[in-house]
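# Descriptive analysis of the structure
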Amino acid sequence: MAKIARVPTGIPNLDGLIDGGFPRGSVILLTGDPGVGKTIFGLQYLYVGALEYGEPGLYLTAEEFPEELKLTAQQFNWDVMSLEESGKFYFLDLASGRIRLPSKALTSKAPFDPDTVLVELLDAVRKMGIQRVVVDSLPGVLLTIDDARVARRFLHRMISAMKILRTTTLLISESYDGATNAYPHLLSGEFLSSGLIRMYFEREGEKLVRKMLIQKMRYTPLNLRPYTVEITSHGLVVIV
Ligand SMILES: Nc1ncnc2c1ncn2[C@@H]1O[C@H](COP(=O)(O)OP(=O)(O)OP(=O)(O)O)[C@@H](O)[C@H]1O
Ligand SMILES: [Mg+2]
């Protein structure tokens with residue numbers, strides 16, 4: 001059987017549960033409740049990837065501004081700024097562009113345009129040798145596109161591009177059920193099917209604990225058991 005190249009996740013104890021990491025070139029969907037640690041997961045995946053594995057990463061943010069994400073990174077002493085300076089970490093900012101202020105003077109960003117974003121994304125991947133991509137969040141990106149067909153096409157093209165360029169991509173989404181999501185068909189797993197990780201809160205006695213379930217990972221045997229996850233001063237850790 002051919003050995004699949006693996007991309008270490010940077011989350012302690014996670015790689016041991018998935019044969020060493022995400023299959024290289026795959027697209028993984030990470031869903032979870034608010035505050036469960038999805039953004040921290042994404043930052044850690046790119047930070048450790050850049051620092052320890054020398055793999056440049058791109059963070060496409062549609063929710064928080066890059067400055068906010070840097071503050072989060074600082075909580076864990078992740079020096080994202082110097083990685084940025086050395087070309088190993090790149091923020092593609094859709095969050096700022098979403099504020100469609102009337103005066104150009106108040107915002108340097110043009111309104112969100114899917115084609116421009118794709119071009120910028122592909123440019124960065126080629127020029128900087130990006131190997132890891134995080135999209136935070138997928139609904140956040142899609143909801144900036146008014147027309148559902150345009151959104152669908154954008155997603156198809158982005159995912160195809162990521163596969164051709166062999167980046168290993170983490171798509172972040174809030175936990176969803178078909179009823180509340182604006183684009184349920186886009187998130188149904190139709191083509192986001194390389195891997196699915198669910199994070200959620202579960203009541204244990206008096207308090208809530210964070211859980212992680214790796215529900216789907218192509219080419220990888222899974223035990224389908226939920227694991228407790230903790231956020232420590234070093235970031236996310238899976239308790240095994
Ligand atoms: N240094 C820290 N130690 C422990 N927990 C922390 C630390 N810093 C942040 N947290 C926890 O991480 C949570 C936020 O994590 P994160 O932003 O990754 O969540 P998220 O899943 O992306 O949420 P959302 O869906 O709202 O974007 C906070 O609610 C906080 O409890
Ligand atoms: Mg988040």
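Quick summary incoming for the structure in this document. These numbers were taken from a predicted model, which means no experiment stands behind them.

## Side note on the site of ligand 1
Every residue lining ligand 1 is accounted for by Asp33, Pro34, Gly35, Val36, Gly37, Lys38, Thr39, Ile40, Phe76, Arg210 and Ile231. One nitrogen or oxygen atom from the main chain of Gly35 is found 2.8 Å from an oxygen atom belonging to ligand 1. Separating an oxygen atom of ligand 1 from a side-chain N or O atom of Arg210 is a distance of 3.5 Å. Of the residues forming the shell around ligand 1, the biggest block, three residues, is contributed by helix H1 (residues 38–53). Looking at the shell around ligand 1 residue by residue, the class counts come to five nonpolar, three polar and three charged.

## Structural notes on the packing of helix H4 (residues 114–128) against helix H6 (residues 148–165)
Two numbers describe how H4 lies on H6: the axes approach to 11 Å, and their chain directions differ by 10 degrees. Classified by the angle their axes make, H4 and H6 are roughly parallel. Across the interface between the two elements, Pro114, Asp115, Val117, Leu118, Leu121, Leu122 and Val125 of H4 pack against Val150, Phe154, Arg157, Met158, Ala161, Met162 and Leu165 of H6. When grouped by side-chain class, the residues that make up the contact of H4 with H6 number 12 nonpolar, no polar and two charged.

## Section: the pattern of salt bridges
Evaluated as defined, the whole model comprises eight salt bridges. Across the pair Asp147 and Arg149 runs a salt bridge, and its minimum N-O distance is 4.0 Å. With a relative accessible area of 33%, Asp147 lands in the partly exposed category.

## Points about the side chain of Arg6
Mapped onto the elements of the fold, Arg6 is located in strand S1 (residues 6–7). The exposure class of Arg6 is buried, given its relative accessible area of 15%. A distance of 3.3 Å separates a polar side-chain atom of Arg6 from the backbone oxygen of Ile18. When neighbours within four sequence positions are excluded, Arg6 is seen to be in contact with Ile18, Asp19, Gly20, Gly21, Phe22, Pro23, Arg24, Tyr219 and Thr220.

## Focus on the nonpolar core
Phe22, Phe41, Tyr59 and Ile197 are the most contacted members of the largest nonpolar core, which has 38 residues in total. A per-element tally of this core places H1 first, with eight residues. In this structure Tyr59 touches Thr39, Gly42, Leu43, Leu46, Leu69, Phe89, Tyr90, Phe91, Leu92, Val134, Asp136 and Ile172, once residues within four positions along its chain are discounted. Residues Leu92, Ala124, Ala161 and Leu196 belong to the second largest nonpolar core, which totals 28 residues.

## Some thoughts on the pairing of strand S9 (residues 207–217)
The sheet contact formed by strand S8 (residues 195–204) and S9 spans 10 bridges and is antiparallel. Among the inter-strand pairings, Arg198 is bridged to a residue of S9, identified as Leu213. When S9 meets strand S10 (residues 227–232), the two strands line up antiparallel, connected through three bridges. Looking across to S10, one finds that Arg210 is bridged to Val229.

Procedures and definitions
- What you see as residue numbers is a count from 1 along each chain, following the sequence as written.
- Each chain is given a letter, starting from A, and each ligand a number, starting from 1, according to the order in which they appear as written.
- Residue-level local features of this predicted model are given only where pLDDT is at least 70; pairs of side-chain atoms are given and counted only at 80 or more, and the full residue set underlies all totals for whole chains, interfaces and linings.
- Hydrogen atoms and water are omitted, and side-chain values are computed over all heavy atoms in the structure.
- Put simply, a residue is near a molecule or strand once any heavy atom of it comes within 4 Å of that molecule or strand.
- Polar contact is the term for a pair of N or O atoms within 3.5 Å; when the atoms are in protein, one must be able to donate a hydrogen and the other to accept it, and sequence-neighboring residues count only if both atoms are side-chain atoms.
- The helix count covers DSSP runs of H or I at least four residues long, the strand count covers runs of E at least two residues long, and both are numbered beginning at the N terminus.
- In this count, Pro and Cys sit with the nonpolar residues alongside Ala, Val, Leu, Ile, Met, Phe, Trp and Tyr, while Asp, Glu, Lys and Arg are called charged and the others, Gly among them, polar.
- Convention adopted: a line fitted to C-alpha atoms gives each axis, helices being fitted over their contacting stretch, and angles between N-to-C directions are expressed from 0 to 180 degrees.
- For this classification, under 35 degrees means roughly parallel, over 145 means roughly antiparallel, 65 to 115 means roughly perpendicular, and everything else is oblique.
- Any two residues having at least one pair of non-hydrogen atoms within 4.5 Å are treated as being in contact.
- By definition here, a salt bridge exists when the distance from a side-chain nitrogen of Lys or Arg to a carboxyl oxygen of Asp or Glu is within 4 Å.
- Relative accessibility thresholds used throughout: buried, under 20% of the residue-type maximum; exposed, over 50%; partly exposed, between the two (1.4 Å probe, protein chains only).
- Here, nonpolar core means buried Ala, Val, Leu, Ile, Met, Phe, Trp, Tyr and Cys residues that are tied together by side-chain atoms lying within 4.5 Å of each other.
- Paired strands are those between which DSSP finds at least two bridges.

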